[in-house]
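# Understanding the architecture of this molecule
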Amino acid sequence: MEGNAIRSIDTHVHMIEISKFPYKWPRPVEEAAIYGDFLPKDYEIERSQTGIQYAVLVEAFESVEETEWFLTMERENEFIKGVVGYADMNSDDLPDQIIRLKKLGKLVGLRKILDFSEDTWLERDDVIKSMHVLTKHNLTFDLLIKSRSQFEAAKKFLKQIPSTLKVVVDHLGKPDAKHGACEEWFTDIEEFASYKNVYCKLSGMVTEGDWESWKDEDFRPHVEHVMKLFGVDRVMFGSDWPVCKLAHTQLPGVHHLLTHLLQQYSDDDQHKIFYSNAAQFYGLDV
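Summarised in this report is the structure supplied together with it.

About the criteria used
- Residues numbered from 1 in each chain as written.
- Predicted model: local features only at pLDDT ≥ 70, side-chain atom pairs only at ≥ 80, totals over all residues.
- Heavy atoms only, no water.
- Pairing = 2+ DSSP bridges.
- Helix = DSSP H or I, 4+ residues; strand = E, 2+ residues; numbered from the N terminus.
- Axes fitted to C-alpha atoms, helices over the stretch in contact; angles between N-to-C directions.
- Contact = heavy atoms within 4.5 Å.
- 1 Å grid on protein atoms, 1.4 Å probe; cavity = no way out; pocket = protein on both sides within 12 Å on 5 of 7 lines; lining within 4 Å.
- Points joined across faces, edges and corners; volume = space filled by probe spheres on them.
- Parallel < 35°, antiparallel > 145°, perpendicular 65-115°, else oblique.
- Left-handed = near helix turned anticlockwise from the far one by under 90°.
- Nonpolar A, V, L, I, M, F, W, Y, C, P; charged D, E, K, R; others polar.
- Buried < 20%, exposed > 50% of the residue type's maximum accessible area, 1.4 Å probe, protein only.
- Right-handed = clockwise from strand over helix to strand, strands pointing away.
- Phe/Tyr/Trp six-rings, centres within 6.5 Å; stacked < 30°, edge-to-face > 60°.
- Lys NZ or Arg CZ within 6 Å of the ring centre and 35° of its normal.

Attention now moves to the sheet that holds strand E8 (residues 235–237). Strand order in the open sheet made by the eight strands is E1-E2-E3-E4-E5-E6-E7-E8, with parallel pairing throughout. Whereas interior strands pair on both sides, the edge strands pair on one side only; in this sheet they are strand E1 (8–13) and E8. Adjacent strand axes in the sheet meet at a mean angle of 30°, parallel and antiparallel pairs treated alike. Relative to E8, strand E7 (residues 198–202) is paired through three bridges, and the arrangement is parallel. For cysteine 200, the partnering residue across the bridge sits in E8 and is valine 235. Along the sheet, helix H7 (residues 220–230) contacts E7 and E8; its crossing angle with E7, the most-contacted strand, is approximately 155°. The strands that helix H8 (residues 251–261) touches are E1, strand E2 (52–58), E7 and E8; relative to E8, the one it contacts most, it runs at about 150°.

In structure tokens:
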């Protein structure tokens, strides 16, 4: 199947309206390329140049209000099939928050930006308790980690959560493609893959490379390592749009990057990686 024609679900899309929320990130200078508005109509223009049919929105501001906004987008845009949102996972009223949000649209999971919290957040008793709540409400958890301390906390977290909770590691765990991933990344990914309820998103790669001069081969060692350990049944494509624009890459570029790196896989396996795994993991109506 030809590169960008591969029928796909994009599992990692952010929408930003810079005046709507007091975003901690992106910042006006450091992330100037994405310090602006990126809305469904903008994504649609780039999506039309690819085989991407549907998308999952992922929280970026850590607020229930943003999640409500995304759920409105899900109702109003046919291509948006689910929302990985935010709710207060340290609160006793998490079940009520989830029930209310699910009434507003297709809430498929929750995420926490650990850079905005203490590194040991994943180890908290109330967080582990909240993972049982997610399981009860048939929600998933997006695990966003990068620093060494976050990886160590994630290893403890995965030992304590219900084995029935579906977890996906965002952005391959953000291995450094500019200088080469550390040995610990390779070892930790192997440990994560040993949990059959843990998946991995093949996403967010270009911003871990040299923003000015990355090339496809920079990411091959990381993708091959993930594929070897997770197999074709527990990985999924994500663009990390519009963050990819920091590395001067549009949606068709990141889609082509992964199709190129995985071109040796059969059509059936590529369908899993780019489409059906995402639909199954998030329970999408596609």
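The subject of this paragraph is the layout of surface pockets. Within this model, the largest pocket holds a volume of roughly 610 Å³. Lining the largest pocket are 26 residues, and of these Trp25, Asp115, Leu144, Lys174 and Val243 lie nearest its centre.

For any two helices packed against each other, one specifies the crossing angle of their axes together with the interaxial distance. Two elements in contact, helix H6 (residues 183–193) and H7, have axes whose closest approach is 9 Å; the angle formed by their N-to-C orientations is 25°. Classified by the angle their axes make, H6 and H7 are roughly parallel. You can see that H6 and H7 cross each other, and the crossing is right-handed. Residues Trp185, Phe186, Ile189, Glu190, Phe192 and Ala193 of H6 form the contact with H7, whose own contacting residues are Pro221, His222, His225, Val226, Leu229 and Phe230. Residue classes in the contact of H6 with H7 are distributed as nine nonpolar, two polar and one charged.

This brings us to the pairing of strand E5 (residues 140–144). Within E5, five of the five residues are buried, leaving the element largely enclosed by the surrounding structure. When strand E4 (residues 107–113) meets E5, the two strands line up parallel, connected through five bridges. Paired with leucine 110 across the bridge in E5 is phenylalanine 141. Two strands pair when backbone bridges link them, and E5 and strand E6 (residues 167–169) are joined in this way by three bridges, in the parallel orientation. The residue bridging leucine 143 from the neighbouring strand is valine 169, located in E6. As for the winding sense of the linkage, the β-α-β connection from E5 through helix H5 (residues 148–160) to E6 is right-handed.

Counted under the stated rule, the structure contains 15 aromatic pairs. Measuring from ring centre to ring centre gives 5.5 Å for tyrosine 23 and phenylalanine 61, while their planes differ by 65°; the resulting arrangement is edge-to-face. Of this pair, tyrosine 23 sits in the loop between E1 and helix H1 (40–47) while phenylalanine 61 sits in the loop between E2 and helix H2 (64–76), placing them 38 residues apart in sequence. Look at phenylalanine 141 and phenylalanine 157: their rings are 5.6 Å apart centre to centre, the planes differ by 50°, and that puts the pair in the tilted class. Of this pair, phenylalanine 141 sits in strand E5 while phenylalanine 157 sits in helix H5; the two residues are 16 residues apart in sequence, bridging distant segments of the chain. As far as the burial class goes, phenylalanine 141 and phenylalanine 157 line up, both buried. Ring pairing ties together the aromatic residues Phe21, Tyr23, Phe61, Trp69 and Phe70, which thus form one cluster. In this structure, lysine 166 packs its charged tip against the face of phenylalanine 281, placed 5.5 Å from the ring centre.

This part covers the side chain of threonine 207. Its location among the elements puts threonine 207 in the loop between E7 and H7. With near-sequence residues (within four places) excluded, threonine 207 lies in contact with Asp240, Val243, Cys244, Leu246 and Ala247.

As a further point, take unusual backbone geometry. A cis geometry characterises the amide bond from tryptophan 25 onward to proline 26, with omega recorded as 10°. Looking at where proline 26 falls in the secondary structure, it is placed in the loop between E1 and H1. Each neighbour pair has its own omega, and for tryptophan 241 with proline 242 the value is 0°, a cis peptide bond. Assignment of secondary structure puts proline 242 in the loop between E8 and H8. The backbone phi angle of glutamate 62 is positive, close to 60°, even though this residue is not glycine. With respect to the helices and strands, glutamate 62 occurs in the loop between E2 and H2. The buried category is assigned to glutamate 62, whose relative accessible area is 15%. Not every positive phi belongs to a glycine, and histidine 248 is a case in point at roughly 55°. Look at histidine 248 and you get exposed, because its relative accessible area is 54%.

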